[in-house]
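Reading the structure
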Amino acid sequence: MLFLGIEEPEEKVWNGLFWVIQLFICINAVAKSFLQESRGRMLYFYSIASPASFVLAKLLFNTLLMLVMSLLSLLLFTLFLGNPVVRTGPFIGLVLLGGWSLSLIFTFLAAIAARAQQNAAIMAVLGFPLIVPQLILLMKISNATFNPLLTIHASNMLLLAALDIMVILLAVILFPFLWKD
Amino acid sequence: MSKTKNYMYKSWWKILGVVLLVYTFVAGLLGKVPNLPALEETVRNLYFHVCMWFAMMILFTISVINGIKYLRTFDIRYDIISRQYATTGIVLGLLGYATGAIWMSYTWADPNNPAFQSFGALAREPKLIGTAIALLIYFAYLVLRDSIADMDKRARISAVYNIFAYAMLFPSIWIVPRLLPSLHPGQEGNPAMNFKDIDASMRIVFYPAVIGWTLLAVWITTIKIRIGLLKEKKWQ
């Protein structure tokens, strides 16, 4: 659909489009993880696993799913929209890191939305403001991979990784409160 | 809960808040300020604009602390407190925006001065976006609260979201805007907390102003909390 509209987008447009598409892929892929679970199945999980291990399993599964999806969308982007990336290795690393961050945050938000017994709409409301800072950061770092003159700051990458670890910790601490019913 | 009762029904800090604010207005509008290029007399807005943001952050912090308290005790009163501090924080955030817009129109975006940038360029200012995100997070908090009918469940889920959102708020308004180029001061550290940034004559007004605005906001919030507690009592 995109490639019908724009044939060879400029680097910055490519970058922006890529991350926004990633965001939507993530919402659609990850939102399902909690919303599609039936009540009975949740009760079954509740009886066999501790909340912390359950949420860790969910995070891990969604992370893997999102990593595969990220690579797939990167492939589709390069097929249809050309490949403006100069430094491929760092960019792929960044895509995986970004996919990881997105999936972690949206997994936790999906858990909240599922407890609120709402559809995916509430998840978008909750998720967009939380994800914007990370998206800005990701776009900023990935801009550097389009231009051989710019350097990629390791501190920015570390900041992203630190955010991800913080989200995991928060999920483990807070999820037991969501689960009790 | 007796501790909360004590501070809510005492009046000394309310009087202190009013006195500090009167001092802020008198000293802030009449006092001596250093004459800086570009800022000139608008620097007096520091006593209002920056203090609003300080008070907002303090209120959001109190809100989160009460959210954590709720999850530890499951006492519905902490939930009411948490919610009311969040709403007052939003109001202060909007006021901070308003004062910031007035300030900006004199220092960055005066339409009569062709040297200044267009509004479109200013709207991309990272600090503006960051704070807009912060407010949206708390609007989302309110939306989430109102979407759940069951009271205990609402309290629990919104406390969880509150803590999560607060943790994500820090990167959005403290870290990310500092990584991007900006016109806004405070790029290299904490605005107004830095002793080099702020003149001694302004500091004696600035710190009381922060405390004054915070106390006023807490006063407003305690009234709302008391209304909330009364409604809660009537409902039972």
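Residues numbered from 1 in each chain as written. Chains lettered and ligands numbered in written order. Predicted model: local features only at pLDDT ≥ 70, side-chain atom pairs only at ≥ 80, totals over all residues. Heavy atoms only, no water.

**Here we look at the overall build of chain B**
To keep it simple, the criterion reads: Helix and strand labels come from DSSP, where a helix needs a run of H or I of at least four residues and a strand needs a run of E of at least two; each type is numbered from the N terminus. The contact rule is simple, with two residues in contact once any of their heavy atoms fall within 4.5 Å. Computed with a 1.4 Å probe, the accessible areas rest on the Shrake-Rupley method; for each residue, only the protein chains presented here act as cover.
In terms of regular secondary structure, chain B is built from eight helices and zero strands. Its helices and strands taken in sequence order, chain B reads α-α-α-α-α-α-α-α from the N to the C terminus. Sequence separation of at least 24 residues holds for 75% of the intrachain contacts in chain B that already meet a minimum separation of 6. When the accessible surface of chain B is split by element, carbon and sulfur atoms take 68% of a total near 11,900 Å².

**Re the overall build of chain A**
Applied cut-off: Burial classification: accessible surface area is computed with a 1.4 Å probe over protein chains only, and a residue below 20% of its type maximum counts as buried, one above 50% as exposed, and the rest as partly exposed.
Summing up its helical and strand segments, chain A has seven helices and zero strands in all. Put simply, chain A runs from its N terminus to its C terminus through helices and strands in the order α-α-α-α-α-α-α. By the burial criterion, 47% of the 181 residues in chain A qualify as buried. Contacts in chain A between residues far apart in sequence, at least 24 positions, make up 82% of those at least 6 positions apart. Carbon and sulfur atoms make up 72% of the accessible area of chain A, which amounts to about 8,500 Å² in all.

**Quick notes on helix α3 (residues 49–73) of chain B**
The condition that has to hold: To estimate the expected span of a helix, count its residues, drop one, and scale the result by 1.5 Å.
For α3 of chain B, spanning 25 residues, the distance from its first C-alpha to its last is 36 Å, which sits close to the expected 36 Å at 1.5 Å a residue. Looking one or two residues past α3 of chain B, F74 of chain B carries a phi angle of roughly 55°, positive in sign.

**Thoughts on unusual backbone geometry**
Residues and elements named next belong to chain B. In this model, F74 sits at a positive phi of 55°, which is unusual for a non-glycine residue. Of note, F74 is situated in the loop between α3 and α4 (76–107). Note on F74: relative accessible area 38%, which makes it partly exposed.

**Details of the interface of chain A and chain B**
Accessible area lost when the parts come together is the quantity often used to give the size of an interface. Rules: Throughout, the accessible surface (probe 1.4 Å) given up by two parts as they are put together, summed over both, is called the buried area. Here, a salt bridge means any Lys or Arg side-chain nitrogen found within 4 Å of an Asp or Glu carboxyl oxygen. Think of a polar contact as two N or O atoms within 3.5 Å of one another; within protein, one of them needs to be a possible hydrogen donor and the other a possible acceptor, and neighboring residues in sequence only count if both atoms come from side chains. Three residue categories are used. Nonpolar comprises Ala, Val, Leu, Ile, Met, Phe, Trp, Tyr, Cys and Pro, charged comprises Asp, Glu, Lys and Arg, and polar comprises the others, including Gly.
Residue-level contacts link 30 residues of chain A with 27 residues of chain B. Both sides together, the interface formed by chain A and chain B hides about 2,600 Å², and carbon and sulfur atoms give 83% of it. The largest share of the area that chain A buries against chain B comes from P129, L130 and F177 of chain A, three residues that together contribute 21% of it. Counting across the chain A and chain B interface gives zero salt bridges. Along the contact surface separating chain A from chain B lie two residue pairs in polar contact (both at pLDDT 80 or more). At the level of secondary structure, the elements contributing two or more residues to the side of chain A that touches chain B comprise α5 (88–115), α6 (120–143) and α7 (154–179) of chain A. With 11 residues, the single largest contributor to the side of chain A that touches chain B is α6 of chain A. Considering only residue class, the side of chain A that touches chain B consists of 22 nonpolar, four polar and four charged.

**Notes on the side chain of T99 of chain B**
Relative to the helices and strands, T99 of chain B resides in helix α4. Engagement of the side chain of T99 of chain B in a polar contact is seen with the side chain of H49 of chain B, the distance being 3.4 Å.

**Notes on the packing of helix α4 (residues 51–81) of chain A against α7 of chain A**
Residues and elements named next belong to chain A. To keep it simple, the criterion reads: Where helices are involved, their axes are fitted lines through C-alpha atoms of the stretch in contact, as for all axes, and angles between N-to-C directions lie from 0 to 180°. Should an angle lie under 35 degrees it is considered roughly parallel, over 145 roughly antiparallel, and from 65 to 115 roughly perpendicular; all remaining angles are considered oblique. Handedness of a crossing follows from how the near helix is turned relative to the far one, being left-handed for an anticlockwise turn of less than a right angle and right-handed for a clockwise one.
Remark: α4 packs on α7, axes separated minimally by 8 Å, with the N-to-C direction vectors making an angle of 125°. Classified by the angle their axes make, α4 and α7 are oblique. For the crossing formed where α4 meets α7, the hand is right-handed. Across from P51, A52, F54, V55, L56 and L59 in α4, the residues of α7 making contact are I168, A171, V172, F175, P176 and W179. Here the contact of α4 with α7 is composed, by residue class, of 12 nonpolar, no polar and no charged.

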